[in-house]
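Chain and residue survey
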Amino acid sequence: MNVVILLGGPGSGKGTIAGRLVAADPTLRHVSSGDLLRDAVKRQTAAGVEADGYMKRGELVPDAIIARMIADLMAGIAGPCTLLLDGFPRTVAQAGILDGTIAGCGASLAAVVLLEVADEILVDRIAGRRACPGCGAGYHVTNIPPRVAGRCDACGSALTVRKDDNPETVKHRLAVYQAQTVPLIEFYEARGALRRVPGIGPIDEIAERVRRALS
Ligand code: AMP
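Residues numbered from 1 in each chain as written. Predicted model: local features only at pLDDT ≥ 70, side-chain atom pairs only at ≥ 80, totals over all residues. Heavy atoms only, no water.

Residue Pro89 follows Phe88 across a cis peptide bond; omega there is 0 degrees. With respect to the helices and strands, Pro89 occurs in the loop between β3 (82-86) and α5 (92-104). Even without being glycine, Gln44 reaches a positive phi, approximately 55 degrees. Counting through the fold element by element, Gln44 comes out in the loop between α2 (33-43) and α3 (46-57). Gln44 sits in the exposed class, given a relative accessible area of 52%. (Helix = DSSP H or I, 4+ residues; strand = E, 2+ residues; numbered from the N terminus. Buried < 20%, exposed > 50% of the residue type's maximum accessible area, 1.4 Å probe, protein only.)

This paragraph deals with the site of the ligand. Surveying the vicinity of the ligand reveals 16 residues, the closest of which are Ser33, Glu59, Gly87, Arg90 and Gln94. Between the ligand and Glu59 there is a distance of 2.5 Å, counted from an oxygen atom to a backbone nitrogen or oxygen. Protein coverage of the free-state accessible area of the ligand, which is 480 Å², stands at 96%. Considering every element that reaches the shell around the ligand, the biggest residue donor is α2, with four residues. (Near = heavy atom within 4 Å. Polar contact = N/O pair within 3.5 Å; in protein donor to acceptor, adjacent residues only side chain to side chain. Areas by Shrake-Rupley, 256 points an atom, 1.4 Å probe, with all protein chains shown as cover.)

For the rest of this paragraph, the subject is helix α4 (residues 63-75). In this model, α4 (13 residues) spans 18 Å end to end at C-alpha, consistent with the 18 Å of a helix rising 1.5 Å per residue. For α4, the complete set of buried residues consists of Ile65, Ile66, Ala67, Met69, Ile70, Ala71, Leu73 and Met74. The inward-facing, buried residues of α4 abut β1 (2-7), β2 (28-32), α2, α3, β3 and α5. (Expected span 1.5 Å × (residues − 1). Contact = heavy atoms within 4.5 Å.)

Right under this line is the structure:
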């Protein structure tokens, strides 16, 4: 198993780009730590109940919770594939934990892709972001509009705004990104693993840039 880490601020397009890459290449698998946690919250598992408050406040959940979810998921994967890790690791401590998980399951870190997007664009993207509570598909009111306004193309559910996409929480999430996740850029750059990709422009172009960065 190969692991590709997608780095970038909230709203930088990690999930959207991962979705495009996976649609074109079945050997890739998208793993979003935020989706894993939201699913645990929805199912009210012990981890989900603990994570809920942190997520509502826009803070990082304790390392042990998310690290266990990622480790369990990786341990359950049989056969060759490339994981696109979106949202994990988010701190240098989590990167250390991931190194252990990768080694433990005989995987290797193929690359770390940083989607570079200016903060004002991130804020604007998050403000227009919509999600499908039914199937998890992501939209944006202007950049990725659904065919019928407010309805998911795939399953028809009414689209919602994520609880943590309100302006106050977004401001906090950006500050958390700067303080806790930005140090990872230097961490992976020092290892020679970092590939910087401009994260603005048409989605297909960004996806193509990421594909080139990984080839
Ligand atoms: P995301 O969907 O990646 O924007 O994540 C949504 C929220 O889930 C974050 O604001 C955190 O509260 C939590 N979260 C996601 N990934 C992690 C992580 N690697 N470490 C800690 N908390 C996380």
